[in-house]
Amino acid sequence: MQKTLVLVKPDGVKKSLIGEVVARFERRGLKVCALKLMQLTEAQAKAHYAEHAEKPFFGELVDFITSGPVAAMVIGGENAIKAVRTMMGTTNPVDAVPGSIRGDYALSIAENIVHGSDSEESAAKEVSNFFKPDEILF
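All of the points below concern the structure found in this document. Only a predicted model underlies this, so the values are computations on that prediction, with no experimental measurement involved.

1. As for the environment of Thr4
- Structurally, Thr4 is set in strand S1 (residues 2-8).
- The class for Thr4 is buried, based on a relative accessible area of 0%.
- Between the alpha carbons of Thr4 and Asn79 there is a distance of 9.6 Å; along the sequence they are 75 residues apart.
- Apart from residues lying up to four places away in sequence, Thr4 is in contact with Met73, Val74, Ile75, Ala80, Ile81, Val84, Ser117, Ala123 and Val127.

Listed below in structure tokens is the structure:
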């Protein structure tokens, strides 16, 4: 079973979309392997967005993801990474198709509701940034 990290970002939590996001993945046949509501520290946020550290928008990413609680989850299943990314929709929500999470609930690239790992390598790194191995139940 492939596993990936999904975050419902502060804007999604504020809009009360945690249950909707989880339900969409479960209806698709994916499993919630771990789930917790948490406030990211600046260090966690910087580690999470490390690949963007030299980009001009890095500070904005860190500020936003630490601006409120996130729902962090490990989602598992066959081809989980690709399935989750397809269900999320494109990064820029104005280009995301209706029916995708971003296409249905977001209007701005800065506040686009969810994050999902983009590769197996990223998923492994990101999952370990948010969860201890004993917190992942499946």
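2. Overview of the pairing of S1
- Across the 7 residues that make up S1, a large majority, 5, are buried.
- Sheet topology places S1 next to strand S3 (residues 70-77); 7 bridges connect them, and they run antiparallel. Bridge assignment links Gln2 to a residue of S3, and that residue is Gly77.
- Both S1 and strand S4 (residues 114-116) contribute to a ladder of 3 bridges, which runs antiparallel. Within S4, the position partnered with Val8 by the bridge is Val114.

Calculation notes
- Residues numbered from 1 in each chain as written.
- Predicted model: local features only at pLDDT ≥ 70, side-chain atom pairs only at ≥ 80, totals over all residues.
- Heavy atoms only, no water.
- Helix = DSSP H or I, 4+ residues; strand = E, 2+ residues; numbered from the N terminus.
- Buried < 20%, exposed > 50% of the residue type's maximum accessible area, 1.4 Å probe, protein only.
- Contact = heavy atoms within 4.5 Å.
- Pairing = 2+ DSSP bridges.

Limitation: the analysis is restricted to geometry and does not speak to function.
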